[in-house]
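If you want the building blocks of each chain, they are given just below.
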Amino acid sequence: MTASRSENTPSCIEVTDFFALPDYTIVDLDGPDAVVFAQAQFANDATALGIGQWQWNCWLNAKGRVLALFALLRTGETSLRLLLPDVDAQELATALARYVFRRKLQVRARPDLHVAGRLAAPGLARGPLLHGSGDATLELDFGSDAQPRCLRIQDSPAATDADAAQAWAVADLQLGLPRLPASQREAWTPQQLGLERFPAFSVKKGCYPGQEIVARTHFLGKAKREALLLQVADTAQAGAEVLQGGQAVGSLASAAGHQPRWALAVVSLERDPGPLLVDGQPALPQPFHSRAGQA
């Protein structure tokens, strides 16, 4: 593949060809009740999506903790697609199927589809608008002005490029998109992860699992933690404590990249303005990149 490597951060790698994103998986919801089901189960407003649009969304447990964060695509009148970072598609499809009951809906993992990325702007996809067909190649605008990116769903695997895939994961964190390993699922509320920036949840739609916790936090101003982007030591892993003055003020929800390594931390809003440490090394706060527009 054609690629040039920057001497700076992994997020500056320029890749002109698509490369595999093996940590992304796909689940389809098909049937007359697909949108009704998504509206009842997921935290964002699925009814706001027109055909050919996508949004960030999440599935929460009853305590308002994030089970899965995903891009929700409206691929047809009666079809939706979940594009899932770091989630086993079959496991999630099985879990969702328990709540179908009598609805006219099929939930299925799609191991036959593959996800690829390119660290360059998409050709025609823009903001919340998909380009392509649900039965063929689909492209999404997954970037920002600072880091344009194109994601593609296709029926054949792309070439493997570990460096480019790592640069993609770094760009996710720089946009504020958590990459949650299994140890961090059901650990955080949407507000703690900063998902209002996308937005990936709604406080105006009807009931969904965890909605009461999300709404109470929003309307009563009860949030006590926030998401923070950090540059950390190469040894830092998700779950590591963030220390200030010898006291834990938070922990890492995600980490990616090397030299430098980047992390998304959830930290106390009541912390002091002093320096932070992770794994005994300085952890340097950085600004999030502005994201591409969403529906």
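Up top is the structure these notes are about.
Criteria and cut-off values
- Residues numbered from 1 in each chain as written.
- Predicted model: local features only at pLDDT ≥ 70, side-chain atom pairs only at ≥ 80, totals over all residues.
- Heavy atoms only, no water.
- Pairing = 2+ DSSP bridges.
- Helix = DSSP H or I, 4+ residues; strand = E, 2+ residues; numbered from the N terminus.
- Axes fitted to C-alpha atoms, helices over the stretch in contact; angles between N-to-C directions.
- Contact = heavy atoms within 4.5 Å.
- Core = buried A, V, L, I, M, F, W, Y, C linked by side-chain atoms within 4.5 Å.
- Buried < 20%, exposed > 50% of the residue type's maximum accessible area, 1.4 Å probe, protein only.
- Lys, Arg positive; Asp, Glu negative; His and termini not counted.
- Salt bridge = Lys/Arg side-chain N within 4 Å of Asp/Glu carboxyl O.
- Polar contact = N/O pair within 3.5 Å; in protein donor to acceptor, adjacent residues only side chain to side chain.
- Phe/Tyr/Trp six-rings, centres within 6.5 Å; stacked < 30°, edge-to-face > 60°.

Student: With reference to specific residues and values, describe the sheet that holds strand β10 (residues 131–132).
Tutor: As summarised here, the arrangement of the five strands in space is β3-β9-β12-β11-β10, forming an open sheet in which the pairing is antiparallel. Of all strands in the sheet, those bounded by a partner on one side alone are β3 (19–20) and β10. For β10 and strand β11 (residues 138–141), the ladder comprises two bridges, and the chain directions are antiparallel. By the bridge assignment for β11, G132 is matched with L138.

Student: Would you mind going over the sheet that holds strand β8 (residues 106–109) in detail, with residue names and values included?
Tutor: Taking strand neighbours across the sheet as the criterion, the five strands line up as β5-β6-β7-β4-β8 in an open arrangement whose pairing is antiparallel. Whereas interior strands pair on both sides, the edge strands pair on one side only; in this sheet they are β5 (54–60) and β8. Taking each pair of neighbouring strands and ignoring which way they run, the sheet shows an average axis angle of 30 degrees. Bridge analysis of β5 against strand β6 (residues 66–76) gives seven bridges, and the strand direction is antiparallel. Residue pairing for β6: W56 is matched across the bridge by A71. On the sheet, helix α1 (residues 34–41) packs against β4 (24–30), β5, β6 and β7 (79–85) and is oriented at approximately 120 degrees with respect to β4.

Student: Go over the nonpolar core, please, and point to the residues and values.
Tutor: Ranked by size, the top nonpolar core spans 47 residues in total, and within it L83, F142 and L151 carry the most contacts. With six residues, helix α3 (residues 162–174) is the single largest residue contributor to this core. Leave out the neighbours within four places in its chain, and L151 touches L21, Y24, L83, V115, A116, G117, L138, E139, L140, F142 and W168. Counting 26 residues, the second largest nonpolar core, distinct from the first, contains V87, A89, L96 and V107.

Student: Mind laying out the side chain of D141, listing which residues take part and the relevant values?
Tutor: With respect to the element layout, D141 can be found in strand β11. Buried charge D141 goes without a salt bridge, the closest partner of opposite sign being R126 at 5.3 Å. A distance of 3.0 Å separates a polar atom in the side chain of D141 from the backbone nitrogen of G127. Reaching out from D141, the side chain makes a polar contact with the backbone nitrogen of G143 at a distance of 3.3 Å.

Student: So what's going on with the packing of aromatic side chains? Residues and values would help.
Tutor: This structure, assessed with the given rule, holds nine aromatic pairs. Centre to centre, the rings of W56 and F142 are 5.3 Å apart; their planes meet at 55 degrees, and the pair counts as tilted. On the criterion of sequence distance, the pair formed by W56 in strand β5 and F142 in the loop between β11 and β12 (150–154) is long-range, its members being 86 residues apart. Classification of W56 by relative accessible area gives buried; the value is 5%. Residue class for F142 comes out buried when judged on its relative accessible area of 4%. Measuring from ring centre to ring centre gives 6.1 Å for F142 and W168, while their planes differ by 20 degrees; the resulting arrangement is stacked.

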